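Structural description and commentary
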Amino acid sequence: MPRQFDDVMLGSIELFCVSAERESFKAAAATMGLTPAAVSRSIARLEARLGVRLFVRSTRQIRLTDSGRAYFERCRQALDELRDAERELSGQQDLPSGTVRISMATPFAHARVLPLVPAFQARYPQIRIEAHLSNRNIDFVAEGYDLAIRCRTPPDSGLIARTLEDAELVVVATPAYLAHAGTPDTPDDLATHDCIQFILPSSGQRIPWMFRDGPREVDLLTDGKVHCTDDPLGGVTLVRHDGGLLQTYRFLVDDDVRRGQLREVLQRYRGRSRPFSLLYPMSRHMPLRVRVLVDFLIEQLRPAGGGM
């Protein structure tokens, strides 16, 4: 079979990937022990071979074009597979390294995942974590992410979803708010209260509040004077400052309830929850650095006996 990739071309592909990860020819040059001019020439040769522009260049930064982003994703995957193959043959599988890009829903990131990152880095010091905190659905290929954690799994059959936690929902308010507005006895009483709203970024719709009335599950649209979007933690800040009633995850407000700064209401109607899942593409080769993070998060977060 004729040779299609010589050493120079393979080196150019590696420099391209490092430049894309660092978003800078200068930073890539420092990483690879070259001059910025040498990196720039190497990328230019690669662009000439492909017949497309991989980067948009300015005096201060570079960014991938759409074609560059797609090419980067495929090249990074190929290089990862080569590195993993070398580690398997050389017995270095216990030394994963590289960068893992993970997009996380903000409540779960702050309360559950970010506190675990130092312990993960102590176990795997050669792995870098790029954490993106957002509640919107991401495109794994176009945006170059390895993993995502979401409350609602996108309707995409190409994704594997592994539940990390089935997060219980509670309704809370400050003692001051309840002294002023009264304490609701049933979900129907919420019609006379300020209920802090979270608007789903994907649909622009309010999230129904969820209750269990005996064997019956109840989804109820509430209303209030303040609506939050994008970041559910905005509602937590509001409820802590007498902003009204809020339905949120117990793990976000448990400490406030224990200290008496917030009070749980409608306890007879609790029992509903939402699952947070770890997502990754079904068909993609999983590099070792990604696999160890997946295993670590499942080990630390999923209850004993939890299913897939």
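On a predicted model such as this, the values are computed, not experimentally measured, just so you know. Each chain carries its own residue numbering, running from 1 in the direction its sequence is written. Totals for whole chains, interfaces and linings use all residues, but because this is a predicted model, local features are given only for residues with pLDDT of at least 70 and pairs of side-chain atoms are given and counted only at 80 or more. Calculated side-chain values reflect all of the structure's heavy atoms, with hydrogen atoms and water omitted.

Next up on the list: the overall build of the chain. The helix and strand tally for the chain stands at eleven helices and 13 strands. Scored against the burial criterion, the 308 residues of the chain give a buried share of 44%. Counting only contacts in the chain whose residues sit at least 6 apart along the sequence, the fraction spanning at least 24 positions is 75%. Summing over all exposed atoms, the chain offers an accessible surface of approximately 16,400 Å²; the carbon and sulfur share of this is 50%. Numbering of helices and strands runs from the N terminus; a helix is a DSSP stretch of H or I covering at least four residues, while a strand is a stretch of E covering at least two. Throughout this description, buried means an accessible area under 20% of the type-specific maximum (1.4 Å probe, protein chains only), exposed means over 50%, and partly exposed covers the range between. Here, residues are in contact when the closest pair of their heavy atoms is within 4.5 Å. Each accessible area is a Shrake-Rupley estimate made with a 1.4 Å probe; only the visible protein chains count as cover when residues are assessed.

Here we come to the pairing of strand β5 (residues 147–150). The side chains of a regular strand alternate between both faces of the sheet. Side chains Leu147 and Ile149 of β5 all project onto a buried face; the interleaved residues Ala148 and Arg150 project onto the opposite face, where all are buried too. In terms of strand pairing, strand β3 (residues 98–104) meets β5 through three bridges, oriented parallel. The residue of β5 that forms the bridge with Met104 is Ile149. The rule for pairing is simple: two strands pair if DSSP sees at least two bridges between them. Two elements, β5 and strand β13 (residues 273–281), share three bridges in a ladder whose sense is antiparallel. Each bridged residue has a counterpart across the sheet, and for Ala148 the counterpart in β13 is Leu279.

Attention now goes to the confidence of the model for the chain. A low pLDDT means the predicted coordinates there should not be read in detail. For every residue, the pLDDT score states the predictor's confidence, bounded by 0 at the bottom and 100 at the top. In the predicted model, the chain carries a mean pLDDT of 86, and the fraction of residues at 70 or more is 89%. Within the chain, strand β12 (residues 263–265) carries the highest mean pLDDT (98), whereas helix α7 (residues 140–143) carries the lowest (68).

The subject of this paragraph is the environment of Gln300. Looking at where Gln300 falls in the secondary structure, it is placed in helix α11 (residues 288–301). Judged by relative accessible area, which is 38%, Gln300 ranks as partly exposed. Separated by 184 residues in sequence, Gln300 and Leu116 place their C-alpha atoms 8.2 Å apart. Those residues within four positions of Gln300 in sequence are excluded, and the remaining contacts are Leu116 and Arg123.

Looking now at the layout of surface pockets. Here a cavity means grid points, on a 1 Å grid over the protein atoms only, where a 1.4 Å probe fits yet cannot get out; a pocket means an open set of points with protein on both sides within 12 Å along at least five of seven lines; lining residues are those with an atom within 4 Å of a point. Grid points are joined across faces, edges and corners, and a volume is the space filled by probe spheres set on the points. Empty space within the largest pocket amounts to approximately 550 Å³. Of all the secondary structure elements, the ones that give two or more residues to the lining of the largest pocket are β7 (197–199), β11 (246–249) and β13. With four residues, β11 is the single largest residue contributor to the lining of the largest pocket. For this classification, the nonpolar set comprises Ala, Val, Leu, Ile, Met, Phe, Trp, Tyr, Cys and Pro, the charged set comprises Asp, Glu, Lys and Arg, and every other residue, Gly included, is treated as polar. Of the residues in the lining of the largest pocket, the class split is 17 nonpolar, eight polar and four charged. Roughly 300 Å³ of internal volume is contained in the second largest pocket. Lining the second largest pocket are 17 residues, with Val18, Glu21, Arg83, Gly98 and Thr99 sitting closest to its centre. Those elements giving two or more residues to the lining of the second largest pocket turn out to be α1 (7–22), α2 (25–32), α4 (66–90) and β3. When grouped by side-chain class, the residues that make up the lining of the second largest pocket number four nonpolar, four polar and nine charged.

The rule for a salt bridge is simple: a side-chain nitrogen of Lys or Arg has to be within 4 Å of a carboxyl oxygen of Asp or Glu. The full count for this structure, using the stated rule, is 16 salt bridges. Put simply, Arg112 and Glu165 hold a salt bridge, and the shortest N to O gap is 2.8 Å. Highlighted residues: Arg112 in helix α5 (residues 106–113) and Glu165 in strand β6 (residues 159–173), separated in sequence by 53 residues. Note that Arg258 and Asp255 form a salt bridge whose closest N and O atoms lie 2.2 Å from each other. Pair noted here: Arg258 and Asp255 are both in helix α10 (residues 250–259), with a separation of three residues, about one helical turn. Overlapping salt bridges, with partners in common, bring together Glu168, Arg250, Asp254, Asp255, Arg258, Glu264 and Arg270 in one network.

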